[in-house]
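Each chain, written out:
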Amino acid sequence: MSTFELEWLRALFPRTLALALVLGACDDDSLPSPREDESIVFPSVGSLSGASGHGSFRFGAATAATQIEDQNPNTDWYVFTAPAASGGLGRGKAFVGDAVRGYSMALPDVDLLRDLHVDSYRFSIEWGRVEPKRDQIDEIALLHYRELLERLAASGIRPNVTIHHFSNPIWIDDPRDTGCARGPSDANLCGLGHPVGGPLVIEEARQHARLLAARFGDRVDDWATVNEPINYLLAAYGIGQFPPGEQKLSRLLDEFMPIARDYFAMHAAMAAAIHEADTIDADGDGIAANVGATLNVADWVAAKNNAESTDPADVRARDRLVYVYHHLFVDSLRNGTFDFDLDGTADESHPEWRGSLDWLGVQYYSRMGVTGSSALVIPVVDLLPCFGGIDQGACVPPIDPTYCVPQMGYEHYPQGLYTVLADLGSRYPDLPLVVSESGIATDVGERRAENVVRALEQIERARRSGIDVRGYYHWSLLDNFEWAQGFGPHFGLYRVDYETYRRHPTRGAEILAAITKDRRLSAELRKRYGGGGPLTPDSPGADRFCHAE
Ligand code: BGC
């Protein structure tokens, strides 16, 4: 059993762990796909929301501040991962430290984007850098991001700014003081879900979003409030892999769901503030601010005993997980409601949340199993996903052994991207989608090239069946700090040499640039890298990392 699996189980069953341990694709081929011998031509970039952007397409690459920037000592990840000897908590696989020096190299890194011929750069602004202490704004940090925006504008690259990407200033919820016994103070607001601190955090996030929108609205039209809300909540407050490191999953209704409610409210408050403060239409398309959020999705399959299952208990578990993982957040913001007990019907009304999503970012990496048959199901939702290192029969072997991504221990099944786009497109036909992250952790350039080409093929397939998908951002521009996994997984279009910090283009970068240059994915490139067959192998025997134990 892996350490991650143990963490999950501890979070779920703190009191009964010892006992518990002893006990023990909907692809539709009739839909119009681009023919294999056909080139795919992509239209030009347009608005992320609104009717005028319908039919447009953007190419981009993505990063997040904490994952790339050097010297972020006022961010929770810094103290969470710093060694105990220097006052940190020593959590995760590595200290974030200088990451990949993406702060001091931010301007030259724009050249990398230019070489990729992308239309847009998705990045985040580090809140802990802009506001290192509560209500104290660091103008030098704002100047840095202003310079980045100017450099992007000079290079003809549209910014797509994420405001909250998995990190906070330490004073939001200090990971060194999670009990917060003395109650909220300027040094520690005690975080989301705290009866007094939660509303304070929401208000601080609203003010922060307002500040960024007011300062940068002349250069930015595309904003994302939060990144992968369900993943973030699970990792930070459910199983404790991210700061503040809380394990509240076993107290799902008492403690975890109030945190989720606060986070959804935080999104809505930020969205309203951006619309209020960003009144300048930077790109001249008639819309001053397109405000969305990004969502982690997976191609979930019903599983039992480490195999696909048709047992109704597992199928129901799969459907419930898709609801909680893919639909709950979006339904809440579209309808202004909250399904607190996760039974599929709304329990609370939050009219101020309604209509707070102009576009939805879709972030796809893997096909994963979920079971309803394990004795260790999560209470209330009665399911157990193959996620965060847990197995218990929920994990299924990859469809093809080469689909195993050994650096992450999961399967990357390219066709699953279509499945999730089709589901979201049919549930929310009027909500513009953009693939705001898609990528693969590998050191094999050919695999990254295959990942790029196959993702674009699946997106085109979705577009041809009428789904409003407005673009593709590769995750990531650069190798970077992969959160709890440290620096092991390499997601970059550019490989980073950790001795010199020099950036080197991978085959993936070359192929993406060849496509974006003419906005055309040629039949030759499709023949070489695309389709639904095996991928170039990662390394000999690498598929063992995806085998259920
Ligand atoms: C996150 C990124 C992360 C990527 C690869 C997404 O969950 O938004 O920050 O690095 O997946 O795991």
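Before reading further, recall that the structure is shown in the block above.
As a starting point, this report considers the structure included with it.

Thresholds, definitions, all that
- Residues numbered from 1 in each chain as written.
- Predicted model: local features only at pLDDT ≥ 70, side-chain atom pairs only at ≥ 80, totals over all residues.
- Heavy atoms only, no water.
- Near = heavy atom within 4 Å.
- Polar contact = N/O pair within 3.5 Å; in protein donor to acceptor, adjacent residues only side chain to side chain.
- Areas by Shrake-Rupley, 256 points an atom, 1.4 Å probe, with all protein chains shown as cover.
- Disulfide = S-S within 2.5 Å.
- Helix = DSSP H or I, 4+ residues; strand = E, 2+ residues; numbered from the N terminus.
- Buried < 20%, exposed > 50% of the residue type's maximum accessible area, 1.4 Å probe, protein only.
- Pairing = 2+ DSSP bridges.
- Phe/Tyr/Trp six-rings, centres within 6.5 Å; stacked < 30°, edge-to-face > 60°.
- Expected span 1.5 Å × (residues − 1).
- Salt bridge = Lys/Arg side-chain N within 4 Å of Asp/Glu carboxyl O.

The environment of the ligand is made up of 13 residues, and the closest members are Gln-67, Glu-228, Glu-437, Glu-482 and Trp-483. Interatomic distance of 2.9 Å between a side-chain N/O atom of Asn-227 and an oxygen atom of the ligand. Here the ligand loses 93% of its free accessible area of 310 Å² to cover by the protein chains.

As a further point, take the state of the cysteines. All told, the structure shown has 3 disulfides when counted by the stated rule. Between Cys-180 and Cys-190 runs a disulfide, and the two sulfur atoms are separated by 1.9 Å. Here the disulfide of Cys-180 and Cys-190 is left-handed, its torsion about the S-S bond being about -70°. With Cys-180 in the loop between β4 (158-164) and α8 (197-216) and Cys-190 in the loop between β4 and α8, this pair connects stretches of sequence that are 10 residues apart. One exposure class covers both Cys-180 and Cys-190, and it is buried. Disulfide partner of Cys-404: Cys-546, at an S-S distance of 2.1 Å. What sets the handedness of the Cys-404 and Cys-546 disulfide is the S-S torsion sign, and at about 85° it is right-handed. With Cys-404 in strand β12 (residues 404-405) and Cys-546 in the segment after α15 (523-529), this residue pair connects regions lying 142 residues apart in the sequence. The pair formed by Cys-404 and Cys-546 is uniform in burial state, with each residue classed as buried. In the chain, the bonded cysteines, numbered by position in the sequence, are linked as 1-2, 3-4, 5-6.

Moving on to the pairing of strand β10 (residues 359-371). Most of β10 is tucked away: 13 of the 13 residues are buried. Sheet topology note: the β10/strand β11 (residues 384-385) ladder contains 2 bridges and is antiparallel. Paired with Thr-371 across the two strands is Leu-384, which belongs to β11.

The next thing to look at is the packing of aromatic side chains. Tallied over the entire structure, the rule returns 30 aromatic pairs. For the ring pair Phe-166 and Tyr-232, a centre distance of 6.0 Å and an interplane angle of 10° mean the geometry is stacked. Taken as a pair, Phe-166 in the loop between β4 and α8 and Tyr-232 in helix α9 (residues 229-238) lie far apart in primary sequence, 66 residues in all. With 5.2 Å between their ring centres and 90° between their planes, Trp-300 and Tyr-325 make a pair best called edge-to-face. Pair noted here: Trp-300 is in strand β6 (residues 290-304) and Tyr-325 is in helix α11 (residues 312-335), with a separation of 25 residues, a long-range link. Comparing Trp-300 with Tyr-325, the two get one shared label, buried.

The subject of this paragraph is helix α14 (residues 507-518). Every α-helix carries 3.6 residues per turn, so stepping three or four residues along brings you back to the same face. Between its first and last C-alpha, α14 extends 18 Å over 12 residues, near the 16 Å set by a 1.5 Å rise per residue. Along α14, the positions that sit buried rather than exposed are Gly-508, Ala-509, Ile-511, Leu-512, Ala-513, Ile-515 and Thr-516. At the N-terminal end of α14, a side-chain oxygen is found 3.1 Å from the backbone nitrogen of Gly-508, two or three residues along, and the residue is Thr-506. Phi for Arg-519, located one or two positions after α14, is positive at around 55°.

Turning next to the pattern of salt bridges. Applying the stated criterion to the full structure yields 36 salt bridges. Between Asp-37 and Arg-35 there is a salt bridge, and its shortest N-O distance comes to 3.0 Å. Like Asp-37, the residue Arg-35 is exposed in the burial classification. Between Arg-146 and Glu-150 there is a salt bridge whose closest N-O contact spans 2.7 Å. Pair noted here: Arg-146 and Glu-150 are both in helix α7 (residues 139-154), with a separation of 4 residues, about one helical turn. Under the relative-accessibility criterion, Glu-150 is labelled partly exposed at 29%. Taken together, the salt bridges that share partners define one network made up of Glu-38, Glu-460, Arg-463 and Arg-464.

By themselves, these are just geometric observations and shouldn't be taken as functional.
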